[in-house]
Amino acid sequence: MTTAMGVPPLERRRERRRVPEELSARVPAEQRGPGLDRDAVRLLVSRGIEVSHHAFVELPRQLRAGDLLVVNTSTTLAAAVDAHVGHARVVVHFSTRGDDGRWAVELRDPDGRGTTRARAGGPAGTVVRLPGDVRLVLEEPLTARSPRLWWGRVPDADVLGLLERHGRPIRYSYTDRDQPLSVYQTVFALPSADGAGSAEMPSAARPFTARLVAELVSRGVQFAPVTLHTGVASAEAHEPPYPERYEVPEPSARLINAARAGGGRIIAVGTTAVRAVESATGPDGVVRATRGWTDLVVTPERGVRVVDGLLTGLHEPEASHLLMLEAIAGGAAVDRSYDEALSGLYLWHEFGDVHLILPEERPHSEHCSSNCW
């Protein structure tokens, strides 16, 4: 998809919309002042090109009885571990566990400030020394597209146990300091039977509190839990997501289908929830219980089959997630809302403010059985 001048939309955003460094959320909302909770963030609401500004605690008044929120229950792992390659210090980011027991990993260099910078992956056969005399052996790149992530094997070692003992949450340079793992868990996080989880927090759900969830339920808003274990994001290159493990359970599939049949809006909490539920939706628009791996990238060309709206963080202009936003809301709506977020000094990244994309209000006479925009 290009403009009349042949410039792709993402390139236009790179040229027009840079996020000033001071708009990075450096600490969680509850650490910015006394008496604050996770929900002390701002909420940008867009319906088409109409934009309004709210506090996140006003979310229940933006929704209505019969709406359904799809939430990701994946827990966040302490996925960053200090290690050595030869005499050089490195940090290993454990991204995704494969079906064959290998792990997709990213090696990064410490930057001297408690965070890391990008490092070339490989080569094959590289031995990475982990705590406790555990060795990780790099075998091959995850894909031919990029050498960033590699498949590695940790012979005869319990990687999840290693992460529990020696790991810490992945932290990027725009944050002020390390945080305990509890800061990176959402209110919806549920331990999985096999101990799997996300390398990075499904952060769109972070502002929810138990109190806010109770208020939403009391107003007739429903919740459908799904799971998608997120891998390591590309902080520098903004690559599309790699295949990730997901599950849409039978009760959630039934809830979503029933809500749609009853005229409720399906609103995903986070881009991970979109990928999970859209991966489980057939061309007929019916959601079916599914589990496995998804490499789905939602674009305007592909569109969405069941999701009507999205609650998400604010994404940098290079992020592939913006194509998903365009698929749901349209390019003009995304451009307008991001202009408003920049001029309104909204905060970016996992501890930042959030954006609620809702469908434009249409007269009831224009109701249709599939997504109407």
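Structure report, in brief.

Quick notes on the rules
- Residues numbered from 1 in each chain as written.
- Predicted model: local features only at pLDDT ≥ 70, side-chain atom pairs only at ≥ 80, totals over all residues.
- Heavy atoms only, no water.
- Helix = DSSP H or I, 4+ residues; strand = E, 2+ residues; numbered from the N terminus.
- Polar contact = N/O pair within 3.5 Å; in protein donor to acceptor, adjacent residues only side chain to side chain.
- Contact = heavy atoms within 4.5 Å.
- Pairing = 2+ DSSP bridges.
- Axes fitted to C-alpha atoms, helices over the stretch in contact; angles between N-to-C directions.
- Expected span 1.5 Å × (residues − 1).
- Salt bridge = Lys/Arg side-chain N within 4 Å of Asp/Glu carboxyl O.
- Buried < 20%, exposed > 50% of the residue type's maximum accessible area, 1.4 Å probe, protein only.

### Re the side chain of Asp 67
So, point 1. When you line up the elements, Asp 67 lands in the loop between helix H2 (59-62) and strand E3 (68-72).
So, point 2. Engagement of the side chain of Asp 67 in a polar contact is seen with the side chain of Arg 265, the distance being 2.7 Å.
So, point 3. Setting aside anything within four residues of it in sequence, one finds Asp 67 in contact with Gly 220, Val 221, Gln 222, Gly 264, Arg 265 and Ile 267.

### Details of the sheet that holds strand E14 (residues 290-294)
So, point 1. With mixed pairing, 9 strands are arranged side by side in an open sheet as E2-E1-E16-E15-E13-E3-E11-E12-E14. The sheet is open, and its two edges are formed by strand E2 (50-55) and E14, each paired on a single side. Sheet twist, expressed as the mean angle between neighbouring strand axes with direction ignored, is 20 degrees.
So, point 2. Examined bridge by bridge, E3 and strand E13 (residues 266-269) share 3 bridges and lie parallel to one another. Paired with Val 70 across the bridge in E13 is Ala 268.
So, point 3. This element, helix H5 (residues 250-261), spans E3, strand E11 (222-228), strand E12 (244-248) and E13 of the sheet and lies at about 135 degrees to E11.

### Description of H5
Turn by turn, an α-helix covers 3.6 residues, leaving residues three or four places apart pointing in a common direction.
So, point 1. Here H5 contains 12 residues, and its C-alpha end-to-end distance of 17 Å stays within 8% of the 16 Å for a straight helix at 1.5 Å per residue.
So, point 2. Where H5 is buried, its residues meet E3, E11, E12, E13 and helix H6 (271-279).
So, point 3. Immediately downstream of H5, the backbone of Gly 263 shows phi near 85 degrees, a positive value.

### So, the environment of Arg 108
So, point 1. For Arg 108, the position within the fold is in strand E6 (residues 103-110).
So, point 2. A distance of 3.2 Å separates polar atoms of two side chains, one belonging to Arg 108 and the other to Glu 106.

### Re the pattern of salt bridges
So, point 1. This structure, assessed with the given rule, holds 24 salt bridges.
So, point 2. Measuring nitrogen to oxygen at the nearest pair gives 3.2 Å for the salt bridge that ties Glu 106 to Arg 108.
So, point 3. Residue Arg 108 is classed as buried on the basis of its relative accessible area of 1%.
So, point 4. In this structure, a network of salt bridges that share partners links the residues Asp 100, Arg 102, Glu 139, Glu 140 and Arg 153.

Interpretation note: all reported values are geometric properties and have no functional meaning in isolation.
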